[in-house]
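Read off the chains here:
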Amino acid sequence: MTSVKEHYDNLLAPLYAWISGGLELKLEENLKFFESHGIRPTRSGIAFDLGAGPGFQSIPLSQSGFKVIAMDLSRDLLAELISNAAGLPIVAIEDDLSNFTEHIHQRVELIVCMGDTITHLTSLEKVNTLMEDASQILEDNGRLIIGFRELASELKGLDRFIPVRSNSERIFTCFLEYEKNHVNVHDIVHEKAGDRWVIKKSCFRKLRISTQWMSVCMKKLGFTIENIDNNNGMTTIIARK
């Protein structure tokens, strides 16, 4: 079992945009999402993107007028973000999302943690701590947007084998192994090398989070739930402080 950082450094980071459907698709999807929910700067205009990756959230937020602080533990993904941002005013920070308060020196208008990043934390207690920290750092009426894949329901048997994406040169598959509070995610990549296929594989652990638990936790911390969206198993919650 590798750590999240090792998993991304050794396998996932170079493939992340590709397995997600491509950069342009994700930028368009997230820009439409933010616009449809009225996510635009009205106060300080500072947005903090936790688990920013190659810029799927940071770039459309910056294009919408936010001053974005983008944090990720993958140096390679942050390098992609800087290249993709093409001069947009985005500050990139390499660190674990649980340390984000160390990089904030004033209150912010928006905090986003999307793309299933929150499940990289090791326990529900750490998720609660992150959201508690967010509630202290957000401005009055500031928003918190959390996205995660609903892993509370357990897949059985062969349904645990998931074909993620493929083309003539590459096949990406994952296998899910369930525990009580976590899912071990086995990522398997077959890549064409001349007349043969080369296999790469790595495994890391994700936290199982339910929409109900997340909603209750947010409300206990004083957030008002504005919207809960579920698209292809990915839940996104917009909450206001």
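In this text, all values refer to a predicted model and were calculated from it rather than measured experimentally.

Q: Whenever I open this one, the overall build of the protein chain confuses me. Can you help?
A: A tally of helices and strands in the protein chain yields 7 helices and 11 strands. A compact globule built from 241 residues should have a C-alpha radius of gyration of about 18 Å, and the protein chain, at 18 Å, falls within 12% of that. C-alpha atoms of the protein chain, sized along the principal axes, occupy 60 × 40 × 30 Å. When the 241 residues of the protein chain are sorted by exposure, 48% land in the buried category. By sequence separation, contacts in the protein chain at least 24 residues apart represent 62% of the contacts at least 6 residues apart. Computed over 27 positive and 32 negative side-chain charges, the inter-centroid distance for the protein chain is 3 Å.

Q: Looking at this structure, I do not really get the pattern of salt bridges. What am I missing?
A: Pairing is possible between side chains that carry opposite charge, provided their charged atoms lie close to one another. All chains considered together, the criterion is met by 15 salt bridges. Note that Arg-240 is salt-bridged to Glu-226, the shortest N-O span being 2.6 Å. Of the two residues, Arg-240 sits in strand β11 (residues 234-240) while Glu-226 sits in strand β10 (residues 224-231), which places them 14 residues apart along the sequence. Within the structure, one salt-bridge network assembled from shared partners comprises Lys-5, Asp-9, Arg-75 and Glu-94.

Q: Just checking my understanding: could you explain helix α3 (residues 23-36) for this structure?
A: One turn of the α-helix equals 3.6 residues, which is why residues spaced by three or four share an orientation. Counted at 1.5 Å a residue, the expected span for α3 with its 14 residues is 20 Å, and the 20 Å between its end C-alpha atoms agrees. Next to the buried residues of α3 lie α4 (58-63), β5 (138-149) and β11. Just beyond α3, the residue with positive phi is Gly-38, at close to 65°.

Q: What exactly am I supposed to notice about the layout of surface pockets here?
A: Any empty space left between atoms is shown by rolling a water-sized probe over those atoms. By volume, the largest pocket amounts to about 1300 Å³. In terms of lining residues, the largest pocket is bounded by 41 residues, among which Ser-20, Lys-26, Gly-115, Arg-149 and Met-234 are the most central. The dominant element in the lining of the largest pocket, judged by the number of residues it contributes, is α3, at 7 residues. Along the lines of polarity and charge, the residues of the lining of the largest pocket split into 21 nonpolar, 10 polar and 10 charged. Forming the walls of the second largest pocket are 33 residues, and the residues nearest its centre are Val-4, Leu-73, Asp-96, Leu-97 and His-120. Among the secondary structure elements, those contributing two or more residues to the lining of the second largest pocket are α1 (4-12), β2 (67-72) and β9 (196-207). No other element matches the 4 residues that β9 contributes to the lining of the second largest pocket. Among the residues making up the lining of the second largest pocket, the classes are represented as 14 nonpolar, 12 polar and 7 charged.

Thresholds applied
- Residues numbered from 1 in each chain as written.
- Predicted model: local features only at pLDDT ≥ 70, side-chain atom pairs only at ≥ 80, totals over all residues.
- Heavy atoms only, no water.
- Helix = DSSP H or I, 4+ residues; strand = E, 2+ residues; numbered from the N terminus.
- Rg over C-alpha atoms; globule rule 2.2 N^0.38 Å.
- Buried < 20%, exposed > 50% of the residue type's maximum accessible area, 1.4 Å probe, protein only.
- Contact = heavy atoms within 4.5 Å.
- Lys, Arg positive; Asp, Glu negative; His and termini not counted.
- Charge placed at Lys NZ, Arg CZ, Asp CG, Glu CD.
- Salt bridge = Lys/Arg side-chain N within 4 Å of Asp/Glu carboxyl O.
- Expected span 1.5 Å × (residues − 1).
- 1 Å grid on protein atoms, 1.4 Å probe; cavity = no way out; pocket = protein on both sides within 12 Å on 5 of 7 lines; lining within 4 Å.
- Points joined across faces, edges and corners; volume = space filled by probe spheres on them.
- Nonpolar A, V, L, I, M, F, W, Y, C, P; charged D, E, K, R; others polar.

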